[in-house]
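A look at the structure
Single-letter residue listing:
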Amino acid sequence: MMLHALYAYAQREGLLEDPDVELLPVDALIEVADDGRFLSLTPTTDERGRGTKRAVPRIPKRTVAILPGFFVDNARYVLGWGGDATKARKNPERAEAFRAVVDAVAMETKDPGAKAVAAFLAKLDKQLPKLVAKCEEWTGEERLAFRWSGDDEGILVHERPALREAWARRRGAEGKGVEDSRRMRCLVTGEVGPVARLHPSIKNVPGAQSSGAALVSFNEEAFCSQGLTQGENAPISRAAAEGYATALNHLLARDGTRRYRQGVSLGDGAVAVFWTREPDPVVDTLLNVLDFAQATQAVHFAESPLRGLEPGKFDATPFYAMTLGGNAARVVVRDWFESSIHELKRNVLCYFDALRLVGRRERPLSVWEALKAVEPPGSRGNPPDLGAKLIAAALGGRPFPRELLSAALRRLRVPEKDDTSPFLLHARCALIKATLLRPARGVAPMEVSMSLNPDSADVPYQLGRLFAVLERLQYAALGDINASIKDRYFGSAMANPGVVFPRLIRLSTHHAAKADSAGWLERLLGQIMNRFPAEVWPKALTLEAQGLFAVGYYHQREDFFRKSTPPAQS
């Protein structure tokens, strides 16, 4: 179903109108004269260094083998130049293979544009220094195409009618060779025909190779059976393979300021992409709600977080989402789900309702922000599965992962120096609240309010409130100090209150004696302690109880900030 939905998306978007070409960025154009003289090198990159996208003959899937493109390829194939010492070792072979294709096509078609390129490559050794002087900073990955001086401006050599026909014949011959060897029923279309031996690469997947990785591949004998080789083990026609790969590359492609056209980054190791069977604005809405990587996107939903998710006539339209990660040369599908737009809207509403917490009302907590808030310090990042499970909670209505609770508490327990932002405290406590309200199967949900609940019967919640009062009392007595009780005791008080709180209560008497107008804090301290037997402090709290502690602390702290003046003395 997953590949079928992607193939249908490619057909809907017109991505397969010409199956012999694909839309790829071209970084520079080499203009040549009739006799092969080098005339100019014209960069086509924008101010961000991105090449202009053009329809080019499909580049063959390459791993170790040398497989040249058809009149368009990177500098290592076209010029035999670029790359570090290891990559440059095979540049002469690459250039020779590329030249062989050009020579064969020029001889076959007698096309003047093809003959001009062939003449250029024949005298490349003499002309290369002039070219290299214009591209000294290239890496060898830059994609190059050719212009012939005899063509109108804007027409490239590979776009000439004779060469397009020659490329179609070559592609047809490749298909005929597969057809002669084996015909099988395609798992995507259901039609009987030749199958794709190798599938196109998927690019821009986190954790995968920058050159692309395969979603379906069989490159070891252990993966094969019944005498089948490579793609025959999962028979998919070439058209369907190119269709699903083109669709995925389209969804994952960079679009303007977005890292992904229709996807949300889930940290460094995963990305979620989504689409609908029929065009629907809900996709753009989801991109804005779930991914606030850009400040300009953040204000879009300032007044109403879910604007655009109102009931509509397309509510029965199927909705698809998949979470992808990379493992070197392979694409890993971490999750896949499908539903209707109606169900999607309900799930997203419930997701943001679970995250709703007093404070920071201007916009919702996006998935990207949530993951950044619990990301471990350093370069490790979150586990890839964490982002996949969080997006599943947002789009699929599934429970919030317990790993999220653990990650949020870990960052509260041992914060970094740059973790003093009120937003980070809000985000982590909002995630804790959500995991307590919608826990994994087998764990009973807890009642957690959006704002302060002074009448709560949960001891961990009241302990969190108590810690916030003790912190406020210390501030009233000493002001800003280098190491507050939060810096020194928050983590241990949350995990082992029976060890820490007796010491903090004794310390609070000294703070109360030094603080001016501390009577209202002492009364609040007494009110909270009356709600549980203080003489029997809990020795240890479970992970969920620690979550309640953190929410209680946050609620009480926010309540202090919301009051313009302390309660009047009685």
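For the structure, see preceding data.
Let me begin by describing the structure that accompanies this report. (Residues numbered from 1 in each chain as written. Predicted model: local features only at pLDDT ≥ 70, side-chain atom pairs only at ≥ 80, totals over all residues. Heavy atoms only, no water.)

**Let's talk about empty space enclosed by the protein**
Taken as a whole and assessed by the stated rule, the structure comprises two cavities of 30 Å³ or more. Reported here for the largest cavity is a volume of approximately 60 Å³. Looking at the largest cavity, the residues that line it are Phe-400, Pro-401, Arg-402, Leu-405, Thr-435, Leu-436, Pro-439, Ala-440, Val-443 and Glu-544. Only helix H14 (402-413) and helix H15 (422-437) provide two or more residues apiece to the lining of the largest cavity. (1 Å grid on protein atoms, 1.4 Å probe; cavity = no way out; pocket = protein on both sides within 12 Å on 5 of 7 lines; lining within 4 Å. Points joined across faces, edges and corners; volume = space filled by probe spheres on them. Helix = DSSP H or I, 4+ residues; strand = E, 2+ residues; numbered from the N terminus.)

**Points about the packing of aromatic side chains**
Going through the model one piece at a time under the given rule, you end up with 19 aromatic pairs. Geometrically, the ring pair formed by Phe-501 and Phe-549 is edge-to-face, given 6.3 Å between the ring centres and 65 degrees between the ring planes. Of this pair, Phe-501 sits in helix H18 (residues 497-514) while Phe-549 sits in helix H20 (residues 543-562), placing them 48 residues apart in sequence. The same class applies to Phe-501 and to Phe-549, which are both buried. Over the aromatic face of Phe-560 sits the side chain of Arg-472, whose NZ or CZ is 4.9 Å from the ring centroid. Lying across the ring of Phe-490, Lys-486 places its NZ or CZ 5.2 Å from the centre. (Phe/Tyr/Trp six-rings, centres within 6.5 Å; stacked < 30°, edge-to-face > 60°. Buried < 20%, exposed > 50% of the residue type's maximum accessible area, 1.4 Å probe, protein only. Lys NZ or Arg CZ within 6 Å of the ring centre and 35° of its normal.)

**A closer look at the sheet that holds strand S2 (residues 28-32)**
Spatial ordering of the open sheet is given by S3-S2-S6-S5, a layout of four strands whose pairing is mixed. Taken across any chain shown, the strands that pair with only one partner, and hence form the sheet edges, are strand S3 (38-43) and strand S5 (73-74). As paired elements, S2 and S3 share five bridges and run antiparallel to each other. Each residue of the ladder has a partner; that of Glu-31, found in S3, is Ser-40. (Pairing = 2+ DSSP bridges.)

**Quick look at the pattern of salt bridges**
Applying the stated criterion across every chain yields a total of 20 salt bridges. Among the ionic pairs, Asp-35 bridges to Arg-37, the shortest N-O distance being 3.0 Å. In this structure Arg-37 comes out as partly exposed when scored by relative accessible area, which is 44%. Across the pair Arg-58 and Glu-242 runs a salt bridge, and its minimum N-O distance is 3.7 Å. (Salt bridge = Lys/Arg side-chain N within 4 Å of Asp/Glu carboxyl O.)

**What to know about the sheet that holds strand S9 (residues 263-265)**
Pairing within the open sheet is antiparallel, and its four strands lie in the order S9-S10-S11-S12. This sheet does not close on itself; its edge strands, each paired only once, are S9 and strand S12 (330-340). In this sheet, adjacent strand axes meet at a mean angle of 20 degrees when their direction is disregarded. Note: strand S11 (residues 318-327) against S12, ten bridges, orientation antiparallel. (Axes fitted to C-alpha atoms, helices over the stretch in contact; angles between N-to-C directions.)

**What about the side chain of Arg-58?**
Looking at where Arg-58 falls in the secondary structure, it is placed in the loop between strand S4 (52-57) and S5. Leave out the neighbours within four places in its chain, and Arg-58 touches Leu-16, Pro-19, Asp-20, Val-21, Glu-22, Trp-167, Arg-171, Glu-242 and Thr-246. (Contact = heavy atoms within 4.5 Å.)

**Focus: the environment of Leu-525**
Tracing the chain through its elements places Leu-525 in helix H19 (residues 519-529). The exposure class of Leu-525 is buried, given its relative accessible area of 10%. Here the alpha-carbon distance between Leu-525 and Arg-465, two residues 60 residues apart in the chain, equals 8.9 Å.

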